[in-house]
Amino acid sequence: MKRILIIDDAATVRMYHRSILEGAGYQVDEAVNGIEAMEKSLQEPFDLYIVDINMPKQDGYGFLSELRSRDISQAPALMVSTEGASNDRTRAYAAGANLYLVKPVKPDQLLIHCRLLLGEVHP
Amino acid sequence: MALVKQQPSETVGQEERKRGRDRDDLELQLSDPSPSARRWAVRDLAECPDSSAILVAHLHQEMDSSVREIILTALTQLGDEHAVAGLVECLRSEDVFLRNEAIEAMKMLPDEVAPIMGTLLADSDPDVRIFAVNVLESLRHERVEEWLKEVIEHDPHINVCATAVDLLGEVGTSYSREALEGLNVRFPDEPYISFATSLALKRICSI
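Residues numbered from 1 in each chain as written. Chains lettered and ligands numbered in written order. Predicted model: local features only at pLDDT ≥ 70, side-chain atom pairs only at ≥ 80, totals over all residues. Heavy atoms only, no water.

**Considerations on the overall build of chain B**
When its secondary structure is counted, chain B shows 13 helices and 0 strands. For chain B, the α and β elements follow one another from N to C terminus as α-α-α-α-α-α-α-α-α-α-α-α-α. A total of 207 residues make up chain B; the buried ones form 53% of that total. Long-range contacts, defined here as pairs at least 24 residues apart, represent 62% of the contacts in chain B between residues at least 6 apart. Entry remark: accessible area of chain B is about 9900 Å², with carbon and sulfur atoms responsible for 50%. (Helix = DSSP H or I, 4+ residues; strand = E, 2+ residues; numbered from the N terminus. Buried < 20%, exposed > 50% of the residue type's maximum accessible area, 1.4 Å probe, protein only. Contact = heavy atoms within 4.5 Å. Areas by Shrake-Rupley, 256 points an atom, 1.4 Å probe, with all protein chains shown as cover.)

Put into structure tokens, the structure is as follows:
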């Protein structure tokens, strides 16, 4: 079973994404910021990261940059944010994101992008 | 996020504390190459009247995060018009760390932030409105629920409303019930809004 880590400081967003992903058969874990996500990533591998940008303590950019630069994981990362400006996307990809979606993400949109990133379907 | 962090027990050179401590001297010391000297200058400036504008101006030039953190703490302590305006300006920053620290600082200034909350929630930039809702998260003020209710009744941007609903799920009461039900009507095809309002209403009904 593929394991997905949801990193978001908003509890409702975590619950929403979890309900969609678990309903589709994925194993899901959660972190409230980049620091907690890093601790979890050092303990166990994940197949996919769903990362919010604006979080206290360590934001999504900082987490992904560290994850990639320290070579802790090269698993695909889907960055989700309320911010749709092109410079946010550019920063997300520079930090190591594989895909960028603007919130709120619809269930079928989330699932198809997760499946694409996990290599379960092909474009 | 703790705004006031204990500083490492570094040795601060005695010469730094022997420097002049009037406002002009302290302003000059903000350009000192040593972050430690700059931190001390900020701490001392926080004791000077009318120093908020100097600190705000320096905040946007300061590259050292430990100095910026002390400036934000100082602005929180000062809490005057310039200090609050400076914190609000940080909400427009591209620097996520600065933005988050400013949000945390503003949460500590309920009486100073309250008069400008209406303006913040009506800002033309939806991101600023989202950050204003973030400030409400732990702002100890009697109007928090009223502001959130106004957001979900009138704000046209789905993510501003979504952020407000998340918070109403924690602090909302029956006062917001109709507004939450109305939000589903305003955004009928948004599963996230449906999910979040349902959660918030469930919690409100269980109170």
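**Comments concerning the pattern of salt bridges**
Throughout the structure, instances matching the rule amount to 21 salt bridges over all chains. Taking the shortest distance from any N to any O, the salt bridge between Glu-22 of chain A and Arg-18 of chain A comes out at 2.6 Å. Of this pair, Glu-22 of chain A and Arg-18 of chain A both sit in helix 1 (residues 11–23), separated by 4 residues, roughly a single helical turn. Since its relative accessible area comes to 38%, Glu-22 of chain A is described here as partly exposed. With relative accessibility at 24%, the residue Arg-18 of chain A sits in the partly exposed group. For the salt bridge of Glu-190 of chain B with Lys-106 of chain A, the shortest nitrogen-to-oxygen distance reads 3.4 Å. With one member in each of two chains, Glu-190 of chain B in the loop between helix 12 (177–186) and helix 13 (191–206) and Lys-106 of chain A in the loop between strand 5 (99–102) and helix 5 (107–117) form a pair that bridges those chains. Shared partners join several salt bridges into a network, and the residues in it are Arg-14, Arg-18, Glu-22 and Glu-30 of chain A. (Salt bridge = Lys/Arg side-chain N within 4 Å of Asp/Glu carboxyl O.)

**Quick look at the packing of helix 10 (residues 144–154) of chain B against helix 11 (residues 158–171) of chain B**
Residues and elements named next belong to chain B. Packing of helix 10 against helix 11 leaves a shortest axis separation of 9 Å and a crossing angle of 145°. Where helix 10 crosses over helix 11, the two elements pack in a sense that is left-handed. Contacts between helix 10 and helix 11 involve Val-144, Glu-145, Leu-148, Val-151 and Ile-152 from the former and Val-160, Cys-161, Ala-164, Val-165, Leu-167, Leu-168 and Val-171 from the latter. Residue composition of the contact of helix 10 with helix 11, by class: 11 nonpolar, no polar and 1 charged. (Axes fitted to C-alpha atoms, helices over the stretch in contact; angles between N-to-C directions. Left-handed = near helix turned anticlockwise from the far one by under 90°. Nonpolar A, V, L, I, M, F, W, Y, C, P; charged D, E, K, R; others polar.)

**Regarding the pairing of strand 3 (residues 48–52) of chain A**
All names here are of chain A. Along strand 3, 5 of the 5 residues are buried, which leaves the element largely enclosed by surrounding structure. Taking every second residue as pointing to the same face, both faces of strand 3 are buried, with Leu-48, Ile-50 and Asp-52 on one and Tyr-49 and Val-51 on the other. Note: strand 1 (residues 3–7) against strand 3, 4 bridges, orientation parallel. Counterpart to Leu-5 in the pairing with strand 3 is Tyr-49. Where the polypeptide runs from strand 3 across helix 3 (residues 60–69) and back to strand 4 (residues 77–81), its parallel neighbour, the crossover connection is right-handed. (Pairing = 2+ DSSP bridges. Right-handed = clockwise from strand over helix to strand, strands pointing away.)

**Things to note about the nonpolar core**
Of all hydrophobic cores here, the largest spans 84 residues; its most connected members are Leu-21 of chain A together with Met-117 of chain B. Of the residues forming this core, the biggest block, 8 residues, is contributed by helix 11 of chain B. Two domains each donate at least three residues to this core, and these are domain 1 (18–108) and domain 2 (112–207) of chain B. Those residues in contact with Leu-21 of chain A that lie beyond four places of it in its chain are Ile-4, Ile-6, Tyr-26, Val-28, Ile-50, Leu-110, Leu-111 and Cys-114 of chain A. In this structure, Ala-31, Tyr-61, Leu-64 and Ala-95 of chain A belong to the second largest nonpolar core, which totals 22 residues. (Core = buried A, V, L, I, M, F, W, Y, C linked by side-chain atoms within 4.5 Å. Domains from an automatic or database assignment.)

**Quick notes on the layout of surface pockets**
All names here are of chain B. There is about 880 Å³ of room inside the largest pocket. With 8 residues, helix 11 is the largest single contributor of residues to the lining of the largest pocket. Split by residue class, the lining of the largest pocket holds 22 nonpolar, 11 polar and 11 charged. Of the domains in this structure, domain 1 (18–108) and domain 2 (112–207) are the two that each give at least three residues to the lining of the largest pocket. (1 Å grid on protein atoms, 1.4 Å probe; cavity = no way out; pocket = protein on both sides within 12 Å on 5 of 7 lines; lining within 4 Å. Points joined across faces, edges and corners; volume = space filled by probe spheres on them.)

**A few points about helix 5 (residues 65–78) of chain B**
Residues three or four positions apart in an α-helix share a direction because the helix packs 3.6 residues into each turn. Residue and element names in this part refer to chain B. Between its terminal C-alpha atoms helix 5 stretches 20 Å, which fits the 20 Å expected from 14 residues at 1.5 Å a residue. Among the 14 residues of helix 5, 11 are classified as buried, and the element is accordingly described as predominantly covered. Among all positions of helix 5, only Ser-66, Val-67, Arg-68, Glu-69, Ile-70, Ile-71, Leu-72, Thr-73, Ala-74, Leu-75 and Thr-76 are buried. Close packing links the buried residues of helix 5 with helix 3 (35–45), helix 4 (52–59), helix 6 (81–90) and helix 7 (96–107). Residue Gly-79 follows helix 5 closely and has a positive phi angle near 60°. (Expected span 1.5 Å × (residues − 1).)

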